[in-house]
Amino acid sequence: MPKGKRTVLLTGGTGFIGRRLVKKLLLQKQTQIYLVVRRSSFSKVERMIESLMLTFPDAPERIHIVSGDLSKPTLLESTVEATELQKKVQEIFHLAAHYELGISREDAIKANVDGTLHMLNFARGCEKLNCVHYVSTLAVAGDYKGVWHEDMLLAGQQFDNHYAYTKFLAEVEVREAAEELPIAIYRPGVVVGDSTTGEMDKIDGPYYLLVPFMKIQALTRSISPVIPTFFPLAPGGTYIKCHIVPVDYVVNCLDHISRKKGIEGKTFSLTDPNPVSMREFIDIFCDKAGWVRPIANVYTDPLVWALRLPGIKQLAQSLEPITNVPVEIVHYTAYATKYDTSNTLEFLKGSDITCPNIKTYAGKLLAYARRHFV
Ligand SMILES: NC(=O)c1ccc[n+]([C@@H]2O[C@H](COP(=O)([O-])OP(=O)(O)OC[C@H]3O[C@@H](n4cnc5c(N)ncnc54)[C@H](OP(=O)(O)O)[C@@H]3O)[C@@H](O)[C@H]2O)c1
């Protein structure tokens, strides 16, 4: 990537990962940022820019809000504005997606597949394009058993939710487009809060497992501090790896790797290169939170198979209003995938960016979740 002036167009800049990436981009003084934002989120992005001004007084001059939506074939609302921007945009970061495990197939296709095709169409018209940075997900590996190398995509894997399947379909399109466009693909794992502050947007991924126990503990403590909280069983046990990654590592990688030369045509797994097992993950949180560790591991493969039988998933989904946990989460305690991160580690060489061990920041995640989600 060329040093100096950088004109970047970013989708998903108001999201969990995107907001942090915008901050990183602002650190590079000569970068101009065009944020594609839905009209309904204009007030949100204006508040975001106001708060950024505390650290970056020049944020309003360097962040330009552009009205757009993934559903628009030209990505932007105004075709005139799209044509103007295509004359100057050098890089596109595509983060916008409908990220929700329980999403319907139709909504997922519209946002994740059609939206990506619209972004690629926009990219094709960019006269000075250096690179499209496409944010995918490790979930494109589906239920693949074994080592998932970064260049893999079509491997006979199965999918158990529309979000993962449509991100997979979108990546197929992106790879095809990579034959004519300069594109780098980044696949984050299950993104959790910031490893330095614990900050997290919402209950998601492993928080679905942890927050109910925080609530039980809060309740029992209000009765008597000596009543213990038990974490009865460890789903996934020692065999299944826990592919969580803190958001700051994901954003540091995106920022660093996107500025490297020779990334076009490459895919980067953004996850912990040394993941702990599900059992270790639960034990770490039990120790930090003061819960009694599980008495046994439970392998959830039979549940995954059962959920694939006709009618069973619908039945399980009907319980979601009571459990507040999307049933799709079960699958992630059964997928025996191991993710290779060689490209990422290669391109991080010479930087001080490393993925922190979960033991070092589990306490921060817990403290933040206790304050905001319990
Ligand atoms: N979070 C994770 O654990 C995780 C893991 C792996 C990969 N990823 C990928 O990382 C990317 C960012 O995820 P995130 O966690 O930051 O998601 P997020 O917090 O849900 O943010 C989604 C972003 O996409 C925008 N968006 C959604 N629908 C849109 C539409 N129709 N038109 C324009 N913009 C739209 C949202 O804008 P509004 O503000 O208007 O809603 C928001 O800025 C996604 O591509 C996701 O698939 C996330």
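Structure: see above.
So, here is what we can say about the structure in this document.

Reading the values: the criteria
- Residues numbered from 1 in each chain as written.
- Predicted model: local features only at pLDDT ≥ 70, side-chain atom pairs only at ≥ 80, totals over all residues.
- Heavy atoms only, no water.
- Core = buried A, V, L, I, M, F, W, Y, C linked by side-chain atoms within 4.5 Å.
- Buried < 20%, exposed > 50% of the residue type's maximum accessible area, 1.4 Å probe, protein only.
- Helix = DSSP H or I, 4+ residues; strand = E, 2+ residues; numbered from the N terminus.
- Near = heavy atom within 4 Å.
- Polar contact = N/O pair within 3.5 Å; in protein donor to acceptor, adjacent residues only side chain to side chain.
- Nonpolar A, V, L, I, M, F, W, Y, C, P; charged D, E, K, R; others polar.
- 1 Å grid on protein atoms, 1.4 Å probe; cavity = no way out; pocket = protein on both sides within 12 Å on 5 of 7 lines; lining within 4 Å.
- Points joined across faces, edges and corners; volume = space filled by probe spheres on them.
- Pairing = 2+ DSSP bridges.
- Right-handed = clockwise from strand over helix to strand, strands pointing away.
- Axes fitted to C-alpha atoms, helices over the stretch in contact; angles between N-to-C directions.
- Disulfide = S-S within 2.5 Å.
- Patch = residues over 30% accessible without salt bridge, like charges linked within 9 Å, V, L, I, M, F, W, Y side chains within 5 Å.
- Areas by Shrake-Rupley, 256 points an atom, 1.4 Å probe, with all protein chains shown as cover.
- Salt bridge = Lys/Arg side-chain N within 4 Å of Asp/Glu carboxyl O.

**Here's the deal with the nonpolar core**
- In this structure, Trp291 and Ile358 are the most contacted members of the largest nonpolar core, which totals 71 residues.
- No other element matches helix α14 (residues 358–373), which puts eight residues into this core.

**Let's talk about the site of the ligand**
- Taken together, 23 residues lie around the ligand, and Thr14, Ser41, Lys44, Tyr163 and Lys167 are the ones closest in.
- Within the contact set of the ligand, an oxygen atom lies 2.8 Å away from a backbone nitrogen or oxygen of Leu95.
- Looking at the shell around the ligand, the elements with two or more residues in it are α1 (16–27) and α6 (162–177).
- Tallied by class, residues from the shell around the ligand come to eleven nonpolar, eight polar and four charged.

**A closer look at empty space enclosed by the protein**
- In total, this model carries one cavity of 30 Å³ or more according to the counting rule given.
- Approximately 30 Å³ is the volume found for the largest cavity.
- Lining the largest cavity are Val192, Pro206, Tyr207, Leu210, Ile244, Phe281, Phe285 and Leu365.
- At the level of secondary structure, the elements contributing two or more residues to the lining of the largest cavity comprise α7 (207–223) and α9 (278–289).

**Let's talk about the pairing of strand β4 (residues 91–94)**
- Both faces of β4 are covered, namely the face carrying Glu91 and Phe93 and the face carrying Ile92 and His94.
- With four bridges joining them, strand β1 (residues 6–11) and β4 adopt parallel strand pairing. Along β4, the bridge assignment pairs Thr11 with His94.
- The pairing of β4 with strand β5 (residues 131–135) spans four bridges and is parallel. Bridge assignment links Phe93 to a residue of β5, and that residue is His133.
- Each parallel crossover has a hand, and for β4 linked through helix α5 (residues 105–124) to β5 it is right-handed.

**A short note on the sheet that holds β1**
- Pairing is parallel in the open sheet, where seven strands are placed in the order β3-β2-β1-β4-β5-β7-β11. If you trace the sheet from one side to the other, it starts and ends with β3 (63–67) and β11 (267–270), each paired once. Within the sheet, the average angular offset between the axes of one strand and its neighbour, ignoring direction, is 20 degrees.

**So, the state of the cysteines**
- The full count for this structure, using the stated rule, is zero disulfides.
- The thiol sulfur of Cys242 is not disulfide-bonded, and the nearest other cysteine sulfur, from Cys355, lies at 11 Å.
- Take Cys253: it sits in no disulfide, and the sulfur closest to it among the cysteines is that of Cys355, at 7.7 Å.
- Residue Cys253 is classed as buried on the basis of its relative accessible area of 0%.

**Examining the layout of surface pockets**
- Taken as a whole, the second largest pocket spans an internal volume of roughly 410 Å³.
- Arg19, Arg20, Lys23, Asp194 and Glu199 are the residues nearest the centre of the second largest pocket, which is lined by 15 residues in total.
- Of all the secondary-structure elements, those providing two or more residues to the lining of the second largest pocket are α1, α2 (42–52) and α8 (247–258).
- By residue class, the composition of the lining of the second largest pocket is four nonpolar, four polar and seven charged.

**What about a nonpolar patch on the surface?**
- On the surface, Leu219, Ile223, Val226 and Ile227 cluster together to form a nonpolar patch covering roughly 430 Å² of accessible area.
- Note on placement: Ile223 falls in helix α7.

**Some points on the pattern of salt bridges**
- Tallied over the entire structure, the rule returns 18 salt bridges.
- The salt bridge involving Glu77 is made with Arg39; its shortest N-O contact spans 3.1 Å. Here the residue Glu77 occupies a position in the loop between β3 and α4 (79–86), and Arg39 occupies one in the loop between β2 (31–37) and α2, the gap between them amounting to 38 residues.
- Judged by its relative accessible area of 40%, Glu77 is partly exposed.
- Measuring nitrogen to oxygen at the nearest pair gives 3.4 Å for the salt bridge that ties Arg175 to Glu171. Here Arg175 and its partner Glu171 are both found in helix α6, four residues apart, which amounts to about one turn of the helix.
- Judged by relative accessible area, Arg175 falls into the partly exposed class, the value being 24%.

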